[in-house]
Amino acid sequence: MENGDHGARFPFPFKPYPIQERFMEALYAALEQRKVGIFESPTGTGKSLSLICGALTWLRDFEEKKREEAATLLHGQEEERGSSGATTEPDWVSEFVQKRAEREMVNKLKDEEMKRKRREERLEMIRHNAQLKYAMKRKSSEVNEVEKLLQLSKQELSSEEKSHEEEEEGLIVADYESDEEVTTKTRYSIQLHCHYTIQGSTIYYCSRTHSQLAQFVHEVQKSPYGSTVSLVNLGSRQNMCVNPDVARLGSLQLINDRCMELQKNKHDLEPKRRRGVAKATCAFSGYEKLMAMRDEVLVKVRDIEQLLQHGRETHTCPYYSTRMAIPAAEVVVLPYQSLLHAATRKASGIKLKDQIVIIDEAHNLADTLTALHSAEVNGAQLCRAHSQLSQYCDRYRSRLKAKNLMYIKQILFVLEGLVRTLGGQLIFVFTTGAELLTINDFLFRAQIDNINLFKVQKYFEKSMISRKLCGFVEKYEGKGVNTHSSSVNKENQRIEGLGRFLQSLQNKPAAPPEQQGAVEDRPSMASPMMLVESFLFALTNSNKDGRVVMDKQACLAQSSLKFLMLNAAVHFAQVVQECRAVIIAGGTMQPVADFKEQLLLSAGVSEERISEFSCGHVIPPENILPIVLCAGPSGQELEFTFQTRDTPRMMEETGRVLSNLCNVVPGGVVCFFPSYEYEKRILGHWESNGVLQRLAAKKKVNAYTQRNSCHLRCSSTGQGQSGALLFSVVGGKMSEGINFSDDLGRCIVMVGMPYPNIKSPELQEKMAYLDKNMPHVDGRSPGKTLVENLCMKAVNQSIGRAIRHRGDYACIVLCDRRYSRTGTLQKLPEWIRSSTHTHSSFGPAFASIRRVRHV
């Protein structure tokens, strides 16, 4: 390898740490044995590089083993044919069955070998000619630029000359004669991903954010595999569009709609003959350009920024070219939702059969799956969707086929039923507040149980009525719908459609002006029908796997319907069942019970298929000092329960703890509170009694508030200050994704235990679901265990912010005696738990902090 071969078995850019070698060995074994692995490796231990080198080493070995097996079988077949005359002939039936099986296996192996050779020859040819192509493109760049400008100018002129009739035609849904009909856009989407049919073994790597994915790609570029691996980086249109006219639309929905419209205009399989100029198309999606960029994507590792730059230079769409390269890629890098959401996965052309999936930063995987498959829509959006669809139907009634009209009327009927459940009409006597129902009970309540939502869902997908409605609203909103002079009165009525609909459905007093203003100020989608579609899709889940939360307020516009997914394993099951192996990795995976019980075992994964790996940190044990502090300097017991945490005595004792710590810790101190509300309350108390002023004498005091702003809470002359003190909240931005390495964070203080709101209807229903459907281990309630695990996962993410590399060091102070419970300590990461000391009084704890050689 070019960048180093320091590992005896695993190529590595430098000599790996022992824990990295163990990580790669365990990863290799999990992939080889088709396991579902839970891997924990603290940040700063080179987890990403270990994942890259371990997985790609297995992939190369696996492909080589397949080639050797094919060669051995083919060689054995030839030898058997040569010696068949000297052997006694077996029973003819057995011989026939044996020969047929061998023939099928040989043909399969020959086919795979041929595909592999074609793939390697293709990539080699691309690599050989890449520089020549680049040089030729540079020579002809000026000519191409002139041609592009002329082409764009023609398109602009064509756009201006479009007739009103042609614009209207793009807004009308295609004929929907049967539920099985495939629309033009669907056919094009399928065609797009069939250009490259050579399918090899692929590793799908996904993480939460684009910045994390970019960091992973940079690690690949620096690895020994950086110059040889075929890597494809996927992203949304919003992140990858290089067409300035489309990208400037801003919102993801508008960009998606415009892109799909331009693709349809270009790839309409059955264009109707009509007069006038052709519709506008995207100049960045030419077939030859896409094919050329697809090849270049496969021969050089690029992150999204580099793909965008290459796309702009070559005037080619990175979004579609990367998707065309998926079948030939060895590694595909993509966000969570693109892999974990089945519909998005299908649209991207991702096939997981016998492939490898690595899910990084997976500590919140269950929450991510729940959020991806939950949906929410409010009363204003329901009414707006009804008004828009009604106007759309009236506008194009004469041009819509009977099947389209039938489904549109069904959707309108469903919308009216959803509004009624929120008190739009007083069919039921409702009071304000939240109510939670099963899916079936909700359908009966809305009186839409006689509607086949599966067929309605299919109509949404095939007709793309939501996208059509979005274009319709974009064109006519605020202008009136009917343009004929003979229908002026009807037009004026339609302009007021939303207001009339709200007034007719809501038999309640209007909200106060300040509340109305709050609703109007919220950003709304061009087509709220998208949200309605997502909500109706969610209602097709199994009755036991989800609940509907109806939050009814005095104002219908502020009321909402939310589908809550209770069983995330339903949507994760297809991933673990189809893939050869799934690796769930993270810096802090404790407690792992959630992953095993709620995701893996519930998804049908056997206990034998699950493997776990957890390694310590690369730092020496003396570089970390975790302390459970049970009492403060005055002897006050520290237990921040809901009943005691707001008492002046408890808040003042907490201030004394921080004052003492700031006196001896030379670098930065980060203090986490359990909620923004408590942060505001305790900081206000400290400001009134002078605690903040005393803290400011030692540290620059800053607070990160709920409005995501970090500001100075207390000023000082700066004399005698050493480092800074940052107040933040568990679960906030400062608790995940932000590194307080070195002097930025020499001490992490955790005030209390950040338990979730136990009175939340959603959490209560989730607890009840787990108590009913999950096993009770050692007699413990799965619902209560969930609450404890949610708390400790949040704690683990926050306290891991300080130690970020081998030479780092920090002190961790857990201010609550409840952390000393055996069950709670077991939920800490092993590398922290093994060094944790519990102190029942403040004196010994403070002395141990002062004795630390680094401090």
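Refer to the preceding data block for the structure.
Residues numbered from 1 in each chain as written. Predicted model: local features only at pLDDT ≥ 70, side-chain atom pairs only at ≥ 80, totals over all residues. Heavy atoms only, no water.

Caption draft 1: A look at the overall build of the protein chain. Tallying secondary structure elements over the protein chain gives 35 helices and 19 strands in all. With 855 residues in all, the protein chain has 52% of them scored as buried. Counting every atom, the protein chain has about 40000 Å² of accessible surface; 51% of that belongs to carbon and sulfur. (Helix = DSSP H or I, 4+ residues; strand = E, 2+ residues; numbered from the N terminus. Buried < 20%, exposed > 50% of the residue type's maximum accessible area, 1.4 Å probe, protein only. Areas by Shrake-Rupley, 256 points an atom, 1.4 Å probe, with all protein chains shown as cover.)

Caption draft 2: Spatial organisation of helix H1 (residues 18-32). In a regular helix each residue adds 1.5 Å, so 15 residues correspond to 21 Å; H1 covers 21 Å between its end C-alpha atoms and thus fits that length. Among the residues making up H1, those that are buried are Ile-19, Gln-20, Phe-23, Met-24, Leu-27, Tyr-28, Ala-30 and Leu-31. Phi for Arg-34, located one or two positions after H1, is positive at around 60 degrees. (Expected span 1.5 Å × (residues − 1).)

Caption draft 3: A look at the side chain of Thr-438. The residue Thr-438 is located in strand E7 (residues 433-438) in this model. Of note is the side chain of Thr-438, whose polar atom sits 3.1 Å from the side chain of Asp-441. If we skip the residues at most four places from it in the chain, Thr-438 touches Asn-543 and Arg-547. (Polar contact = N/O pair within 3.5 Å; in protein donor to acceptor, adjacent residues only side chain to side chain. Contact = heavy atoms within 4.5 Å.)

Caption draft 4: Broad picture of the pattern of salt bridges. As enumerated under the stated definition, the model contains 22 salt bridges in all. Asp-295 is paired through a salt bridge with Arg-294; the nearest N and O atoms lie 2.8 Å apart. Owing to a relative accessible area of 4%, Asp-295 belongs among the buried residues under this scheme. Here Arg-656 and Glu-653 are joined by a salt bridge, their closest N and O atoms 2.6 Å apart. One end of the pair is Arg-656 and the other is Glu-653, both in helix H28 (residues 648-664) and three residues apart, which spans about a single turn. (Salt bridge = Lys/Arg side-chain N within 4 Å of Asp/Glu carboxyl O.)

Caption draft 5: Seen up close, the packing of helix H20 (residues 453-463) against helix H25 (residues 529-538). At a minimum axis separation of 10 Å, H20 and H25 run at an interaxial angle of 140 degrees. Considering their axes alone, H20 and H25 lie oblique with respect to each other. In this structure, the crossing between H20 and H25 has a hand that is left-handed. Across from Gln-457, Phe-460 and Glu-461 in H20, the residues of H25 making contact are Met-529, Glu-533, Leu-536 and Phe-537. (Axes fitted to C-alpha atoms, helices over the stretch in contact; angles between N-to-C directions. Parallel < 35°, antiparallel > 145°, perpendicular 65-115°, else oblique. Left-handed = near helix turned anticlockwise from the far one by under 90°.)

Caption draft 6: View of the pairing of strand E12 (residues 624-629). Extensive coverage of E12 is indicated by the burial of six of its six residues. Sheet analysis places E12 next to strand E18 (residues 810-815), joined by six bridges and oriented parallel. Within E18, the residue paired with Val-628 across the bridge is Leu-814. Where E12 lies against strand E19 (residues 837-839), three bridges are found, and the strand directions are parallel. Considered in E19, the bridge of Leu-629 is made with His-839. (Pairing = 2+ DSSP bridges.)

Caption draft 7: Local environment of helix H17 (residues 379-396). Given a rise of 1.5 Å per residue, 18 residues ought to cover 26 Å, and the 26 Å separating the end C-alpha atoms of H17 matches this to within 8%. The buried count for H17 comes to 16 of 18 residues, which makes it a mostly enclosed element. The distance from a side-chain oxygen at the start of H17 to the backbone nitrogen of Ala-380 is 3.1 Å, and the residue carrying that oxygen is Asn-378.

Caption draft 8: Spatial organisation of the packing of aromatic side chains. The full count for this structure, using the stated rule, is 18 aromatic pairs. When the centroid spacing of 5.4 Å and the interplanar angle of 90 degrees are considered together, the rings of Tyr-392 and Phe-472 count as edge-to-face. Separated by 80 residues along the polypeptide, Tyr-392 in helix H17 and Phe-472 in helix H21 (residues 465-476) bring together distant segments of the chain. Classification of Tyr-392 as buried rests on a relative accessible area of 0%. (Phe/Tyr/Trp six-rings, centres within 6.5 Å; stacked < 30°, edge-to-face > 60°.)

Caption draft 9: The pairing of strand E5 (residues 356-359), seen in detail. The alternating pattern of E5 places Ile-356 and Ile-358 on one face and Val-357 and Ile-359 on the opposite face, and all of these are buried. Alignment of strand E2 (residues 203-207) against E5, held across four bridges, turns out to be parallel. Each residue of the ladder has a partner; that of Tyr-204, found in E5, is Val-357. Taken together, the four bridges between E5 and strand E10 (residues 581-586) define a ladder with parallel strand orientation. Across the sheet, residue Val-357 finds its bridge partner in E10, namely Val-582.

Caption draft 10: Local environment of the nonpolar core. Counting residues in each nonpolar core, the largest one holds 65 residues, and the members touching the most others are Ile-359, Leu-365, Phe-572 and Val-582. Ignoring any residue separated from it by four or fewer positions in sequence, one finds Val-582 in contact with Lys-35, Val-36, Gly-37, Val-357, Ile-359, Phe-572, Val-575 and Val-576. Core analysis: the next-biggest nonpolar cluster, separate from the first, contains 49 residues, Tyr-407, Leu-422, Leu-453 and Val-473 among them. (Core = buried A, V, L, I, M, F, W, Y, C linked by side-chain atoms within 4.5 Å.)

Caption draft 11: Local environment of empty space enclosed by the protein. Under the counting rule described, the total for this entry stands at four cavities of 30 Å³ or more. Here the largest cavity defines a volume of roughly 100 Å³. Along the walls of the largest cavity sit Arg-237, Cys-241, Val-242, Asn-243, Val-246, Cys-259, Gln-263, Cys-282, Phe-284, Cys-317 and Tyr-319, which together make up its complete lining. Residues of the lining of the largest cavity, tallied by class, amount to eight nonpolar, two polar and one charged. (1 Å grid on protein atoms, 1.4 Å probe; cavity = no way out; pocket = protein on both sides within 12 Å on 5 of 7 lines; lining within 4 Å. Points joined across faces, edges and corners; volume = space filled by probe spheres on them. Nonpolar A, V, L, I, M, F, W, Y, C, P; charged D, E, K, R; others polar.)

Caption draft 12: Up close: the sheet that holds strand E9 (residues 560-565). Spatially, E6-E9-E8-E7 is the arrangement adopted by the four strands of the open sheet, whose pairing is antiparallel. If you trace the sheet from one side to the other, it starts and ends with strand E6 (375-378) and E7, each paired once. For this sheet, the mean angle separating the axes of adjacent strands, direction not counted, is 15 degrees. Sheet analysis places E6 next to E9, joined by four bridges and oriented antiparallel. Paired with Val-377 across the two strands is Leu-561, which belongs to E9.

Caption draft 13: Region of the structure containing the state of the cysteines. Per the stated rule, a full pass over the model turns up zero disulfides. The closest cysteine sulfur to the non-disulfide-bonded Cys-579 is located on Cys-206, 9.9 Å from its own sulfur. Using a relative accessible area of 4% as the deciding quantity, one classes Cys-579 as buried. (Disulfide = S-S within 2.5 Å.)

Caption draft 14: Geometry of the packing of H17 against H25. Where H17 contacts H25, the axes come no closer than 9 Å and their chain directions differ by 110 degrees. It follows that H17 is roughly perpendicular to H25 by the angle criterion. By crossing handedness, the relation of H17 to H25 is classed as left-handed. Contacts from Gln-381, Leu-382, Ala-385 and Leu-389 of H17 reach H25 at Met-529, Leu-531 and Val-532. For the contact of H17 with H25, a count of residues per class yields six nonpolar, one polar and no charged.

Caption draft 15: Layout of the environment of Met-774. Looking at the secondary structure, you find Met-774 in the loop between helix H31 (761-773) and helix H32 (782-799). With 172 residues separating them in the primary sequence, Met-774 and Ser-602 have C-alpha atoms 8.5 Å apart. Excluding anything up to four places from it in sequence, Met-774 contacts Glu-597, Gln-598, Ser-602 and Pro-782.

Caption draft 16: Layout of the sheet that holds E2. The strand order E3-E4-E2-E5-E10-E1-E11 describes an open sheet built from seven strands, whose pairing is parallel. The outermost strands of the open sheet, each flanked by one partner alone, are strand E3 (231-233) and strand E11 (610-614). Averaged over all adjacent pairs, the angle separating strand axes in this sheet is 15 degrees, with direction ignored.

Caption draft 17: Fine view of unusual backbone geometry. At His-315, a residue that is not glycine, the phi angle is positive and equals roughly 60 degrees. Its place among the elements puts His-315 in the loop between helix H12 (304-314) and helix H13 (318-324). One non-glycine residue, Gln-447, adopts positive backbone phi at about 60 degrees. Along the polypeptide, Gln-447 turns up in the loop between helix H19 (439-446) and H20. Given the relative accessible area of 35%, Gln-447 is considered partly exposed.

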